[in-house]
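# Notes for the structure review
For reference, the chains in residue letters:
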Amino acid sequence: MKTLKTFIVSFFLTLFISTNSNSNSVPASFADLAERLMPSVVNISTTTTVVSNQNPFPFQFPPGSPFEDMFKEFGTPQERKSSALGSGFIIDKKGIVITNNHVIQDADDIIVRVDGDKEFKADVIGTDPLSDIAVLQLNTKETFTPVKFGDSDKARIGDWVIAIGNPFGLGGTVTSGIISARNRSIGLSRYEDYIQTDASINSGNSGGPLFNMQGDVIGINTAILGRSGSIGIGFSIPSNNAKVVIDQLIKFGETKRGWLGVRIQDVTKEIAEIEELDKPRGALVASVAEGSPSEKAGIEAGDIILEFNGKEIKEMKQLPIIVAQTEVGKNVEVKIWRNKKEISKKVKLGRLETSEDFKVTKKTTPKDSIVEDLKITVKSLTDEDIKTRNLPEGTTGLVITKIENDSPLINSIRVNSIIVEAQKRKIKTIGDLKQVVKQVLRSNQKTILLAIYNTENQRRYIGVKLD
């Protein structure tokens, strides 16, 4: 009798555990999952030709010296090859590969290594710098094992995930962790809704997949925090956002985003009180572009957009993402708050990429990039910057747009300063700066000499000790 009771208790306990367990419980091992997914994750290496004028003389002239301009003409263009490494994953058996745009940007040659030892050249099907996504096609008739996208909207904080990629060029590497946060914005793009994970992501993981426990891709690893490597804070593009861009790149070779034609800002507690809105929500229209779909529909500055195409706008940053993912030319209903009451407007969406607003933004606002080893964010110096700040014609460099609190430059340089030289070498691109920083970090001295224009447009040198 006792044996029978023990059996019954054991049976129902096992049934209870089985019924209440799920795929997100603590796994005994990731081995089976990793073994199945590894053949679909690829390593990407690129080669880029960099052209620069090199001083043939073994000495430098001080800024403003009459000899500086005299000897510039002796500098002949020098070509050198720059290489970069990244990750990606296969989504079609015919060899369509997804990666980050910054992994293959400006590359002359792209080599994709599959399953550890097979190498293929790849062509670019399409790229989208705004979302940092690129689609490649392998030059081969071989067939491959693809992975599929999962529903990133179902991913929850605390769910187990694994990342597979090519950190530091080591080849296929598996790391595990959980989803630490959702809907993160880190200042890289106008369309930010990142998944944050503590799965170890390092340099070279960019473009690699973030998998859930079913083996579906729920994110594309794209950014990390930390100068020297993973500190447990990595960011992935959600698969649901990425799929819209990828489908357009495969179909059209370019993106076709919806365009509303408004500039927006957060609805603060104070604004909600003034407008007699129940709570801070929606997106406040700061201005409306002339001739835009919004102007034609009668949307005005001061309106608060509460709902777009049936989707509630809880906070301002949601609106650009939802609008961009909506079909161009579609007639949508927009619910707005005006004069302390809700009204509706019908808007026929335009296309962002053909709008004047996009052309101006693309021309005058280069994409910000993070220099991880310096813990700063920079953008390329434009002709408009040179004109506005009255800098010498032909000046090249990088404008500092953000300095982290733990940056080695925090006490030496201010935001909006311009880095024009590093170790007496002219800086034209972010790649130039990163290369010099890497060389300094590999040296014994670990001190970098920067030439900058400060916020008063004074040219000066600064020596900074790197960790």
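How each quantity is defined
- Residues numbered from 1 in each chain as written.
- Predicted model: local features only at pLDDT ≥ 70, side-chain atom pairs only at ≥ 80, totals over all residues.
- Heavy atoms only, no water.
- Helix = DSSP H or I, 4+ residues; strand = E, 2+ residues; numbered from the N terminus.
- Buried < 20%, exposed > 50% of the residue type's maximum accessible area, 1.4 Å probe, protein only.
- Contact = heavy atoms within 4.5 Å.
- Areas by Shrake-Rupley, 256 points an atom, 1.4 Å probe, with all protein chains shown as cover.
- Polar contact = N/O pair within 3.5 Å; in protein donor to acceptor, adjacent residues only side chain to side chain.
- Salt bridge = Lys/Arg side-chain N within 4 Å of Asp/Glu carboxyl O.
- Core = buried A, V, L, I, M, F, W, Y, C linked by side-chain atoms within 4.5 Å.
- Pairing = 2+ DSSP bridges.
- Phe/Tyr/Trp six-rings, centres within 6.5 Å; stacked < 30°, edge-to-face > 60°.
- Expected span 1.5 Å × (residues − 1).
- Axes fitted to C-alpha atoms, helices over the stretch in contact; angles between N-to-C directions.
- pLDDT = per-residue confidence, 0-100.

## Re the overall build of the protein chain
Tallying secondary structure elements over the protein chain gives 11 helices and 27 strands in all. Taking all 467 residues of the protein chain together, 43% fall into the buried category. Expressed as a percentage of contacts within the protein chain between residues at least 6 apart in sequence, the contacts between residues at least 24 apart total 61%. Entry remark: accessible area of the protein chain is about 24800 Å², with carbon and sulfur atoms responsible for 50%.

## Comments concerning unusual backbone geometry
The backbone of D106 sits at a positive phi, close to 65°, despite the residue not being glycine. One can find D106 in the loop between helix 4 (101-104) and strand 4 (109-114). Phi is positive for N339, which is not a glycine, with a value near 55°.

## As for the side chain of T395
Summarising the element assignment, T395 is placed in the loop between helix 10 (383-388) and strand 23 (398-403). Within polar-contact distance, the side chain of T395 engages the backbone oxygen of P392 at 2.5 Å.

## Observations regarding the pattern of salt bridges
All chains considered together, the criterion is met by 17 salt bridges. Note that R351 and E254 form a salt bridge whose closest N and O atoms lie 3.4 Å from each other. In this pair, R351 is assigned in strand 20 (residues 350-351) and E254 in the loop between helix 5 (239-252) and strand 13 (258-259), connecting sequence segments 97 residues apart. Relative accessible area serves as the criterion here: at 18%, R351 is assigned to the buried category. Here D406 makes a salt bridge to K375, at a shortest N to O gap of 3.9 Å. Separated by 31 residues along the polypeptide, D406 in the loop between strand 23 and strand 24 (418-422) and K375 in the loop between strand 21 (369-371) and strand 22 (376-380) bring together distant segments of the chain. Assessed through its relative accessible area of 48%, D406 is described here as partly exposed. One salt-bridge network, held together by shared partners, links D128, E254, R257, R351 and E353.

## Quick word on the nonpolar core
Formed by 25 residues in total, the largest nonpolar core has its most connected members in L37, F89, I133, I162, F211, I220 and I246. Broken down by secondary-structure element, the contributors of at least two residues to this core are helix 2 (31-37), strand 3 (96-99), strand 6 (133-138), strand 7 (160-165), strand 11 (217-224), strand 12 (234-238) and helix 5. In terms of residue count, the dominant contributor to this core is helix 5 (4 residues). Counting 22 residues, the second largest nonpolar core, distinct from the first, contains I400, I413, L433 and V464.

## Comments concerning the pairing of strand 11
Along strand 11, 8 of the 8 residues are buried, which leaves the element largely enclosed by surrounding structure. Two successive antiparallel strands, strand 10 (residues 209-211) and strand 11, enclose a turn made up of 5 residues, where G215 displays a positive phi of approximately 85°.

## What to know about the packing of aromatic side chains
In the structure shown here, the tally under the stated rule is 4 aromatic pairs. Measuring from ring centre to ring centre gives 5.7 Å for F30 and W160, while their planes differ by 55°; the resulting arrangement is tilted. Of this pair, F30 sits in the loop between helix 1 (2-20) and helix 2 while W160 sits in strand 7, and the two are 130 residues apart along the sequence. Judged by its relative accessible area of 21%, W160 is partly exposed. A ring pair is formed by Y194 and F235, whose centres lie 6.2 Å apart and whose planes are at 55°; its orientation type is tilted. Highlighted residues: Y194 in strand 9 (residues 194-197) and F235 in strand 12, separated in sequence by 41 residues. Overall, the relative accessible area of 6% leaves Y194 in the buried class. Of the residues examined, F235 reaches a relative accessible area of 3% and is grouped as buried.

## A look at the environment of L225
Here L225 is to be found in the loop between strand 11 and strand 12. Sequence-wise, L225 and E372 are 147 residues apart; in three dimensions their C-alpha atoms are separated by 7.5 Å. The contact partners of L225, leaving out residues within four places of it in the chain, are I231, I233 and F235.

## Looking at helix 5
Under the 1.5 Å per step criterion, the end-to-end length of helix 5 is 19 Å for 14 residues, consistent within 8% with the ideal 20 Å. The set of residues buried in helix 5 consists of S239, N240, N241, A242, V245, I246, Q248 and L249.

## Looking at the sheet that holds strand 10
Reading around the circumference, 7-8-9-12-11-10 is the order of the 6 strands in this closed barrel, with antiparallel pairing throughout. Averaged over all pairs of adjacent strands, the angle between strand axes in this sheet comes to 45°, irrespective of strand direction. Relative to strand 11, strand 10 runs antiparallel, the two sharing 3 bridges. By the bridge assignment, P209 is partnered in strand 11 with I220. Of the strands in this sheet, strand 11 and strand 12 touch helix 5, which is tilted by about 55° from strand 12.

## Overview of the confidence of the model for the protein chain
The predicted model of the protein chain averages 85 in pLDDT, with 84% of residues at 70 or higher. For the stretch residues 11-23, pLDDT sits under 50, and the model shows 2 contacts to residues farther than four places along the chain or on other chains.

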